[in-house]
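# Structural description and commentary
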Amino acid sequence: MEITLEHISKHFKDKTRSGSPVKKAVDDVNLHLTPGVWGLLGANGSGKTTLMRMVCGIMKPTEGRICYDGVDISQLGDLYREIIGYLPQEFGFYPEFTVQHYLEYIAALKGIPDKQAKHKIDELLSRLSLEDVRRKKIIKLSGGMKRRVGIGQALLNDPELLVLDEPTSGLDPGERVRFRNLLSEFAQNRIVLISTHIVPDVEYIAAHNAIMKNGSILQTGTTQQLVSQIHGKVFQATIPPRELGLWESKIQIINLRNEEDGSICLRYLGASSDIPNATPQAPCLEDLYLHLFPRS
(Lines give C-alpha, C1' and ligand atoms only; values in the text may rest on other atoms or scores of the structure.)
Protein backbone atom coordinates (compact mmCIF):
# COMPACT_ATOMS: atom_id res chain seq x y z
CA MET A 1 0.00 0.00 0.00
CA GLU A 2 1.40 3.40 -1.00
CA ILE A 3 0.32 6.88 -2.02
CA THR A 4 2.60 8.64 -4.51
CA LEU A 5 2.44 12.35 -5.29
CA GLU A 6 4.23 13.23 -8.50
CA HIS A 7 4.98 16.90 -9.24
CA ILE A 8 1.74 18.10 -7.66
CA SER A 9 0.90 21.80 -8.06
CA LYS A 10 -2.29 23.75 -7.45
CA HIS A 11 -2.88 27.23 -8.85
CA PHE A 12 -5.63 29.66 -7.88
CA LYS A 13 -6.64 32.96 -9.41
CA ASP A 14 -5.43 35.71 -7.10
CA LYS A 15 -8.09 38.41 -7.28
CA THR A 16 -6.26 40.66 -4.82
CA ARG A 17 -3.30 41.32 -7.11
CA SER A 18 -4.06 42.74 -10.53
CA GLY A 19 -0.60 41.94 -11.90
CA SER A 20 -0.53 38.32 -10.75
CA PRO A 21 -3.63 36.37 -11.85
CA VAL A 22 -2.26 33.03 -10.59
CA LYS A 23 -1.22 32.05 -7.08
CA LYS A 24 0.58 28.75 -6.44
CA ALA A 25 -0.86 27.28 -3.25
CA VAL A 26 1.08 24.04 -3.82
CA ASP A 27 4.21 24.00 -5.93
CA ASP A 28 5.76 20.83 -7.42
CA VAL A 29 5.30 18.50 -4.44
CA ASN A 30 6.68 14.97 -4.58
CA LEU A 31 5.92 12.53 -1.75
CA HIS A 32 5.87 8.78 -1.31
CA LEU A 33 3.61 7.80 1.59
CA THR A 34 3.91 4.30 3.05
CA PRO A 35 2.09 2.68 6.02
CA GLY A 36 2.59 4.44 9.34
CA VAL A 37 1.98 7.91 10.74
CA TRP A 38 3.19 10.80 8.62
CA GLY A 39 3.37 14.32 9.97
CA LEU A 40 2.81 17.22 7.57
CA LEU A 41 4.27 20.22 9.38
CA GLY A 42 4.07 23.84 8.37
CA ALA A 43 2.89 27.27 9.40
CA ASN A 44 -0.66 28.41 8.66
CA GLY A 45 -0.95 29.28 4.98
CA SER A 46 1.84 26.96 3.87
CA GLY A 47 -0.45 24.89 1.62
CA LYS A 48 -1.07 21.90 3.90
CA THR A 49 -4.86 21.93 3.66
CA THR A 50 -4.85 22.32 -0.12
CA LEU A 51 -2.42 19.42 -0.45
CA MET A 52 -4.50 17.17 1.79
CA ARG A 53 -7.70 17.96 -0.09
CA MET A 54 -5.96 16.84 -3.28
CA VAL A 55 -4.75 13.63 -1.59
CA CYS A 56 -8.37 12.93 -0.66
CA GLY A 57 -9.57 13.55 -4.21
CA ILE A 58 -11.74 16.49 -3.14
CA MET A 59 -9.71 18.92 -5.22
CA LYS A 60 -7.94 18.22 -8.50
CA PRO A 61 -4.31 19.27 -8.94
CA THR A 62 -3.48 21.79 -11.64
CA GLU A 63 -0.39 19.77 -12.50
CA GLY A 64 0.92 16.33 -11.62
CA ARG A 65 -0.85 13.19 -10.45
CA ILE A 66 -1.59 11.25 -7.27
CA CYS A 67 -1.47 7.45 -7.39
CA TYR A 68 -2.70 4.75 -5.03
CA ASP A 69 -0.70 1.56 -5.54
CA GLY A 70 0.40 2.84 -8.92
CA VAL A 71 -3.08 3.81 -10.20
CA ASP A 72 -4.10 7.44 -10.66
CA ILE A 73 -6.79 8.19 -8.04
CA SER A 74 -8.87 9.99 -10.70
CA GLN A 75 -9.39 6.58 -12.32
CA LEU A 76 -10.38 4.83 -9.09
CA GLY A 77 -13.45 6.97 -8.29
CA ASP A 78 -15.66 5.45 -5.58
CA LEU A 79 -13.17 2.65 -4.92
CA TYR A 80 -10.66 5.23 -3.69
CA ARG A 81 -13.21 7.12 -1.58
CA GLU A 82 -14.17 3.86 0.16
CA ILE A 83 -10.69 3.46 1.62
CA ILE A 84 -10.35 7.07 2.87
CA GLY A 85 -11.20 8.63 6.22
CA TYR A 86 -10.96 12.42 6.27
CA LEU A 87 -11.24 15.00 9.03
CA PRO A 88 -11.18 18.57 7.70
CA GLN A 89 -10.34 21.56 9.87
CA GLU A 90 -14.07 22.30 10.12
CA PHE A 91 -16.55 19.48 9.59
CA GLY A 92 -20.20 20.23 8.89
CA PHE A 93 -23.30 18.82 10.55
CA TYR A 94 -27.01 19.62 10.76
CA PRO A 95 -27.84 21.46 14.01
CA GLU A 96 -30.48 18.91 15.02
CA PHE A 97 -28.08 15.94 14.82
CA THR A 98 -27.17 14.13 18.00
CA VAL A 99 -23.79 12.42 18.16
CA GLN A 100 -25.42 9.02 17.58
CA HIS A 101 -27.57 10.18 14.65
CA TYR A 102 -24.67 12.00 13.02
CA LEU A 103 -22.42 8.93 13.09
CA GLU A 104 -25.29 6.75 11.80
CA TYR A 105 -25.85 9.26 8.98
CA ILE A 106 -22.16 9.28 7.98
CA ALA A 107 -22.05 5.48 8.16
CA ALA A 108 -25.01 5.32 5.75
CA LEU A 109 -23.30 7.77 3.37
CA LYS A 110 -20.21 5.55 3.43
CA GLY A 111 -22.31 2.47 2.64
CA ILE A 112 -21.55 0.65 5.90
CA PRO A 113 -24.13 -2.07 6.67
CA ASP A 114 -26.39 -1.25 9.67
CA LYS A 115 -25.16 -4.07 11.93
CA GLN A 116 -21.52 -3.29 11.22
CA ALA A 117 -22.15 0.43 11.68
CA LYS A 118 -23.82 -0.07 15.08
CA HIS A 119 -20.87 -2.12 16.35
CA LYS A 120 -18.32 0.38 15.02
CA ILE A 121 -20.17 3.38 16.44
CA ASP A 122 -20.36 1.79 19.88
CA GLU A 123 -16.65 0.99 19.72
CA LEU A 124 -15.66 4.53 18.68
CA LEU A 125 -17.90 6.22 21.24
CA SER A 126 -16.15 4.18 23.90
CA ARG A 127 -12.63 4.78 22.54
CA LEU A 128 -13.25 8.52 22.20
CA SER A 129 -15.00 8.89 25.59
CA LEU A 130 -18.25 10.03 23.98
CA GLU A 131 -20.66 7.42 25.36
CA ASP A 132 -22.21 9.83 27.86
CA VAL A 133 -23.09 12.36 25.14
CA ARG A 134 -24.24 10.02 22.37
CA ARG A 135 -27.80 11.40 22.58
CA LYS A 136 -26.73 15.02 22.97
CA LYS A 137 -26.90 17.45 20.04
CA ILE A 138 -23.48 18.12 18.56
CA ILE A 139 -24.10 21.86 18.49
CA LYS A 140 -24.27 21.86 22.30
CA LEU A 141 -20.93 20.06 22.78
CA SER A 142 -17.65 21.65 23.76
CA GLY A 143 -15.06 22.30 21.06
CA GLY A 144 -13.00 19.30 22.18
CA MET A 145 -15.99 16.96 22.10
CA LYS A 146 -16.99 18.19 18.64
CA ARG A 147 -13.45 17.43 17.47
CA ARG A 148 -13.70 13.90 18.87
CA VAL A 149 -16.96 13.39 16.98
CA GLY A 150 -15.14 14.48 13.82
CA ILE A 151 -12.36 12.00 14.51
CA GLY A 152 -14.97 9.29 15.02
CA GLN A 153 -16.64 9.87 11.65
CA ALA A 154 -13.26 9.68 9.92
CA LEU A 155 -12.62 6.26 11.48
CA LEU A 156 -16.06 4.75 10.78
CA ASN A 157 -15.13 2.87 7.62
CA ASP A 158 -11.85 1.56 9.08
CA PRO A 159 -9.95 3.38 6.31
CA GLU A 160 -6.67 2.31 4.74
CA LEU A 161 -5.79 5.99 4.32
CA LEU A 162 -6.64 8.36 7.17
CA VAL A 163 -6.15 12.09 6.52
CA LEU A 164 -6.47 14.46 9.47
CA ASP A 165 -6.24 18.25 9.17
CA GLU A 166 -5.34 19.87 12.52
CA PRO A 167 -7.03 16.98 14.39
CA THR A 168 -6.15 18.04 17.95
CA SER A 169 -7.47 21.59 17.70
CA GLY A 170 -9.60 22.14 20.80
CA LEU A 171 -8.49 18.97 22.60
CA ASP A 172 -7.14 19.23 26.13
CA PRO A 173 -3.73 17.63 26.98
CA GLY A 174 -5.27 14.38 28.21
CA GLU A 175 -7.43 14.05 25.10
CA ARG A 176 -4.42 14.70 22.89
CA VAL A 177 -2.44 11.92 24.57
CA ARG A 178 -5.32 9.44 24.17
CA PHE A 179 -5.74 10.49 20.55
CA ARG A 180 -2.05 9.99 19.77
CA ASN A 181 -2.16 6.53 21.35
CA LEU A 182 -5.26 5.66 19.30
CA LEU A 183 -3.53 6.74 16.09
CA SER A 184 -0.37 4.80 16.87
CA GLU A 185 -2.42 1.64 17.27
CA PHE A 186 -4.57 2.36 14.22
CA ALA A 187 -1.61 3.10 11.91
CA GLN A 188 -0.40 -0.50 11.74
CA ASN A 189 -0.62 -1.47 8.05
CA ARG A 190 -2.38 1.83 7.26
CA ILE A 191 -1.30 5.26 6.11
CA VAL A 192 -2.12 8.12 8.48
CA LEU A 193 -1.36 11.66 7.32
CA ILE A 194 -1.64 14.37 9.98
CA SER A 195 -1.42 18.03 9.08
CA THR A 196 -0.54 20.26 12.02
CA HIS A 197 1.50 23.16 13.28
CA ILE A 198 1.40 21.72 16.83
CA VAL A 199 4.66 19.78 16.70
CA PRO A 200 4.21 17.54 19.79
CA ASP A 201 1.14 16.01 18.09
CA VAL A 202 3.40 14.11 15.71
CA GLU A 203 6.87 14.17 17.27
CA TYR A 204 6.53 10.88 19.14
CA ILE A 205 4.20 8.93 16.84
CA ALA A 206 5.16 9.91 13.28
CA ALA A 207 7.36 7.44 11.44
CA HIS A 208 8.17 10.18 8.94
CA ASN A 209 7.62 13.91 8.65
CA ALA A 210 7.31 16.26 5.70
CA ILE A 211 7.92 19.95 6.32
CA MET A 212 6.02 22.34 4.07
CA LYS A 213 6.67 26.04 3.48
CA ASN A 214 5.24 28.41 0.88
CA GLY A 215 3.56 25.54 -0.98
CA SER A 216 6.69 23.38 -1.30
CA ILE A 217 8.11 20.46 0.65
CA LEU A 218 11.34 21.62 2.26
CA GLN A 219 12.42 18.33 3.80
CA THR A 220 11.24 14.82 4.58
CA GLY A 221 12.60 12.21 6.95
CA THR A 222 12.33 10.65 10.37
CA THR A 223 12.37 12.91 13.40
CA GLN A 224 15.94 11.85 14.14
CA GLN A 225 17.09 12.60 10.59
CA LEU A 226 15.43 16.00 10.54
CA VAL A 227 16.64 17.27 13.90
CA SER A 228 20.23 16.17 13.22
CA GLN A 229 20.73 19.30 11.10
CA ILE A 230 20.45 21.54 14.17
CA HIS A 231 22.68 19.43 16.38
CA GLY A 232 24.97 21.81 18.25
CA LYS A 233 22.64 24.78 17.75
CA VAL A 234 20.34 24.37 20.77
CA PHE A 235 21.43 25.70 24.17
CA GLN A 236 20.15 26.35 27.66
CA ALA A 237 21.31 29.13 29.96
CA THR A 238 20.27 30.92 33.14
CA ILE A 239 20.26 34.72 33.19
CA PRO A 240 19.15 37.49 35.59
CA PRO A 241 15.80 39.08 34.66
CA ARG A 242 17.43 42.42 33.77
CA GLU A 243 19.25 40.77 30.84
CA LEU A 244 16.16 39.25 29.19
CA GLY A 245 15.48 42.20 26.89
CA LEU A 246 19.11 42.22 25.75
CA TRP A 247 19.15 38.56 24.79
CA GLU A 248 15.70 38.66 23.18
CA SER A 249 17.14 41.06 20.60
CA LYS A 250 20.20 38.89 19.93
CA ILE A 251 19.13 35.26 19.94
CA GLN A 252 16.08 33.15 19.02
CA ILE A 253 14.51 32.08 22.31
CA ILE A 254 12.50 28.87 22.16
CA ASN A 255 11.28 28.65 25.76
CA LEU A 256 11.83 30.44 29.02
CA ARG A 257 10.79 29.84 32.58
CA ASN A 258 11.12 31.70 35.88
CA GLU A 259 13.19 29.91 38.49
CA GLU A 260 12.55 29.96 42.24
CA ASP A 261 15.65 32.10 42.87
CA GLY A 262 14.33 34.83 40.55
CA SER A 263 16.56 33.98 37.57
CA ILE A 264 15.28 33.03 34.11
CA CYS A 265 16.14 29.78 32.33
CA LEU A 266 16.29 30.09 28.52
CA ARG A 267 16.29 27.48 25.79
CA TYR A 268 17.48 29.07 22.58
CA LEU A 269 18.80 28.53 19.07
CA GLY A 270 22.21 29.85 18.18
CA ALA A 271 25.28 29.18 16.05
CA SER A 272 27.38 28.98 19.22
CA SER A 273 26.98 29.36 22.97
CA ASP A 274 26.19 33.08 22.80
CA ILE A 275 25.38 33.32 26.50
CA PRO A 276 28.30 32.64 28.88
CA ASN A 277 28.06 29.27 30.66
CA ALA A 278 25.28 28.05 28.33
CA THR A 279 25.09 24.28 27.92
CA PRO A 280 24.26 22.41 24.68
CA GLN A 281 20.95 20.55 24.54
CA ALA A 282 19.68 17.62 22.50
CA PRO A 283 17.50 19.08 19.71
CA CYS A 284 13.88 18.10 19.22
CA LEU A 285 11.42 18.50 16.35
CA GLU A 286 9.92 21.66 17.86
CA ASP A 287 13.39 23.25 17.86
CA LEU A 288 13.72 22.47 14.14
CA TYR A 289 10.24 23.84 13.43
CA LEU A 290 11.08 27.14 15.13
CA HIS A 291 14.40 27.22 13.27
CA LEU A 292 12.55 26.92 9.94
CA PHE A 293 9.55 29.07 10.92
CA PRO A 294 11.01 31.68 13.29
CA ARG A 295 7.99 34.01 13.10
CA SER A 296 5.14 31.49 12.97
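Residues numbered from 1 in each chain as written. Predicted model: local features only at pLDDT ≥ 70, side-chain atom pairs only at ≥ 80, totals over all residues. Heavy atoms only, no water.

### As for the environment of Ile217
Secondary-structure assignment places Ile217 in strand E10 (residues 216-221). Distance in space between the C-alpha atoms of Ile217 and Gly64 is 15 Å, their sequence separation being 153 residues. Discounting chain neighbours no more than four positions away, the residues touching Ile217 are Val29, Leu31, Leu40, Ala210, Ile211 and Met212. (Helix = DSSP H or I, 4+ residues; strand = E, 2+ residues; numbered from the N terminus. Contact = heavy atoms within 4.5 Å.)

### Details of the pairing of strand E13 (residues 264-269)
Of all the six residues making up E13, six are buried; the element is thus mostly covered by neighbouring parts of the structure. In E13, alternate side chains face the same way, and those of Ile264, Leu266 and Tyr268 on one face and Cys265, Arg267 and Leu269 on the other are all buried. Linking strand E12 (residues 252-258) back to E13 in an antiparallel pair, the connection comprises five residues, with Gly262 at a positive phi of about 95°. (Buried < 20%, exposed > 50% of the residue type's maximum accessible area, 1.4 Å probe, protein only. Pairing = 2+ DSSP bridges.)

### So, the pattern of salt bridges
Inspection of the entire model under this criterion finds 11 salt bridges. A salt bridge links Glu175 to Arg148; its shortest N-O distance comes to 2.5 Å. One end of the pair, Glu175, is in helix H7 (residues 173-186); the other, Arg148, is in helix H6 (residues 143-155), with 27 residues separating them in the sequence. As far as the burial class goes, Glu175 and Arg148 line up, both buried. Arg267 is the salt-bridge partner of Asp287, the closest N and O atoms lying 2.6 Å from each other. (Salt bridge = Lys/Arg side-chain N within 4 Å of Asp/Glu carboxyl O.)

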